[in-house]
Amino acid sequence: MNPHALTALEYDKLLLILSGYAISTPAKEDLLALKPSNDPQRIRQSLVEISEMRTLRQVDDPFPLSFLPDVRHLFSRLNIDGSVLNPPEFLLMRQIVWGSYQARQYFEIRKDRYPQLANRALAITKLKDLMTSIDRIVDDAGGIKDSASPKLKNLRREILQQ
């Protein structure tokens, strides 16, 4: 579509309104970068997904997520050998993992009602083991738990006994 037509249709304003529904910074950026398509198959697919989401919002339980933190900087940093996350960063990662799990579960039990949305959600990798590991190591306040390692547990026990 030519730029003049997009301006006449106030496409940028539409994207701004649409991006207000995003629950994460990356999603908002993706929505703001949307370009019109002339691919009939993609258009049909998008219309089905929009229809399913509209029905979901009108008649179903609310979607379980309202916000997801932007953790892209953590992934970038983890690509550097020897880098580590601190406990608050682990909590951010846990929030992403938990949000992914919730989205997947939400659509798993609704896959017959919203098959296209469910296909997207069920493609999310299950990271339950990672969530369990984070929960074993970091408490809700961002502190390191005794259960993080046997050695830490023993050291803390020795300190308390002194």
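Structure report, in brief. Quick caveat, the model's predicted, so the values are computed rather than measured.

1. A closer look at the side chain of R110
Here comes step 1: Within the fold, R110 resides in the loop between α6 (87-108) and α7 (115-122).
Here comes step 2: A polar contact is formed between the side chain of R110 and the side chain of D61, at a distance of 3.2 Å.
Here comes step 3: Excluding residues within four positions of it along the chain, R110 makes contact with D60 and D61.

2. As for the packing of α6 against α7
Here comes step 1: Interhelical geometry of α6 versus α7 gives an angle of 145° and a closest axis separation of 9 Å. By crossing handedness, the relation of α6 to α7 is classed as left-handed. Between α6 and α7, the residues in contact are A103, R104, F107 and E108 and L117, A118, A121 and L122, respectively.
Here comes step 2: Looking at side-chain class alone, the contact of α6 with α7 contains 6 nonpolar, no polar and 2 charged residues.

Thresholds applied
- Starting afresh in each chain, residues are numbered from 1 along the sequence in its written order.
- Residues qualify for local features only when their pLDDT is at least 70, as the model is predicted, and side-chain atom pairs are given and counted only at 80 or more; totals for whole chains, interfaces and linings, by contrast, use all residues.
- Computation of side-chain values covers all heavy atoms of the structure but excludes hydrogens and water.
- A run of H or I in DSSP counts as a helix once it spans at least four residues, and a run of E counts as a strand once it spans at least two, with each numbered from the N terminus.
- For the purposes of these results, a polar contact is taken to be a pair of N or O atoms within 3.5 Å, where, inside protein, one atom must be able to donate a hydrogen and its partner to accept one; residues adjacent in sequence count only when each atom of the pair is a side-chain atom.
- By definition in these notes, contact holds between two residues if any of their heavy atoms fall within 4.5 Å.
- The angle between two axes is taken between their N-to-C directions and runs from 0 to 180 degrees, where each axis is a line fitted to C-alpha atoms and a helix contributes only its stretch in contact.
- Crossing handedness is defined as follows: a turn of the near helix away from the far one that is anticlockwise and smaller than a right angle gives a left-handed crossing, while the clockwise case is right-handed.
- Ten residue types, Ala, Val, Leu, Ile, Met, Phe, Trp, Tyr, Cys and Pro, are classed as nonpolar, four, Asp, Glu, Lys and Arg, as charged, and the remainder, Gly among them, as polar.

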